[in-house]
Amino acid sequence: MRVLILGIDGYLGWALTLRLIRRGHEVAGIDNFYTRKAVSEVGSDSALPILPMSERLRVIEEVFGAKVEFVEGDVTNYELLKKVIERFRPDVVVHFAEQRSAPYSMIDVEHARYTMINNLTSTLNLIYAIKELGRDIHILKMGTLGEYGYPAFRIPEDAFVDAVINGARDRIVVPRWAGSWYHWSKVFDSYILLYANKLWGLTITDFHQGPVYGSRTRDLISDELFTRFDIDDVWGTVINRFLAQAIIKHPLTIYGSGHQKKGFTSLEDTVTALTALIENPPSPGEFRVVHHYREIKTLNEMAELVRRASIKVLGYDPGVTHIPNPRVEPEDEVMYEPERRVLPKLGIYGLSRIMEDEVEVMLRDLARYRDRIDKLRGVIMPRVRWRG
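Bear in mind the structure is a predicted one, so any value in this text is a computation, not a measurement.

> I'm lost on the layout of surface pockets in this one. Help?
If a probe as big as a water molecule is rolled over the atoms, it shows which places are left empty. Roughly 160 Å³ of internal volume is contained in the second largest pocket. If you trace the second largest pocket, you find it lined by M1, R89, P90, D91, D136, I137, H138, T203, P281, P282 and P284. Tallied by class, the residues present in the lining of the second largest pocket amount to six nonpolar, two polar and three charged.

Structure, rendered in structure tokens:
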């Protein structure tokens, strides 16, 4: 298949590229390197060193004997995006080209506005380009389970749900209640995609998952192929921050009560799921919602996993502490179990990597770059607060 990846330089975009190349697909990508610039803006860097794109492409060719067509550009530029799609003629476009950090979107009005304008414009450009150039092209869009918030009902894996409102039964879009301006941009993305499907019959997969963890997949057979690994308070996930704190012998800092639940997935299992959805597209004109997570854990449980792994791998106990939560989110025990039907039908269900094992792999990778992480010590603790 011919796969165009928007945001190919990112954590998931790069890892997916390696998997697709190894499976014999033709891959092209677009990126404007915004994440590299924005991470630098907040005083941080990838904890694992990553090569410039020209070097990344050279290594792919040397290691796998394959070429990736790359265009440096911004997908908010409609004419550029349209020209690339017209030239490459992909079977599927994977859309990762969005500002992906909730804390970044909450810094101030400038960052909130950038998040909204960038994310919604890129999605609008994509649907219009596909409408004009080839409505049979499959759009696989990266959403987030954070769109839904923490409802009292089990989140259905569907675009619509039956509801009774003021005594009347109707079929409505599954309710959302996002937790940051970033997450709201993803909600609006889903509505844009739904409407494009209704108007023009576009074939769409709206892919929602929780945080991803992992420094390696089975395709990362050389350190030169590392994907990025962010550890700061703005771009790093909670488990990445715990791991970085363990490396520099800093107590693992849990936001608030630590009872917050999220559905986590390893990088390996995420790439496997995305590949399966690319190779098994929806029916023409179908709007397919997909939920993906493998392990539901609280922050307290994750901190304990990292603490125990630190004792085993690093030889010391970093300890655990709680700090006031800079975010606005439920901290009591909540029900959290989004429905999953699509991927199990494709044979993608069981865990190939579990967090307990992967934290040890990540610690070993990160320990080699302890000095690099120590220089980033000042950007791990929270600086962005939801209420200002």
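> What's the story with the pairing of strand β5 (residues 138–142) in this structure? I'm lost.
In summary, the side chains of a regular strand alternate between the two faces of the sheet. Where burial is concerned, most of β5 is hidden: five out of the five residues are buried. Where burial is concerned, the two faces of β5 agree: the one with H138, L140 and M142 and the one with I139 and K141 are both buried. With four bridges connecting them, strand β4 (residues 92–95) and β5 associate as parallel partners. Bridge assignment links V94 to a residue of β5, and that residue is L140. Two strands pair when backbone bridges link them, and β5 and strand β8 (residues 204–209) are joined in this way by four bridges, in the parallel orientation. Bridging from a neighbouring strand, K141 pairs with D206 of β8.

> Before we go on, may I ask you to explain the environment of T253 in this structure?
Mapped onto the elements of the fold, T253 is located in strand β10 (residues 252–255). Separated by 66 residues in the primary sequence, T253 and G319 place their C-alpha atoms 9.0 Å from one another. Setting aside residues up to four positions removed in sequence, T253 forms contacts with R241, F242, Q245, T321, I323 and M381. At a separation of 2.7 Å, a polar atom in the side chain of T253 contacts the side chain of Q245.

About the cut-offs
- Residues numbered from 1 in each chain as written.
- Predicted model: local features only at pLDDT ≥ 70, side-chain atom pairs only at ≥ 80, totals over all residues.
- Heavy atoms only, no water.
- 1 Å grid on protein atoms, 1.4 Å probe; cavity = no way out; pocket = protein on both sides within 12 Å on 5 of 7 lines; lining within 4 Å.
- Points joined across faces, edges and corners; volume = space filled by probe spheres on them.
- Nonpolar A, V, L, I, M, F, W, Y, C, P; charged D, E, K, R; others polar.
- Buried < 20%, exposed > 50% of the residue type's maximum accessible area, 1.4 Å probe, protein only.
- Helix = DSSP H or I, 4+ residues; strand = E, 2+ residues; numbered from the N terminus.
- Pairing = 2+ DSSP bridges.
- Contact = heavy atoms within 4.5 Å.
- Polar contact = N/O pair within 3.5 Å; in protein donor to acceptor, adjacent residues only side chain to side chain.

Geometric values such as these leave the question of function open.
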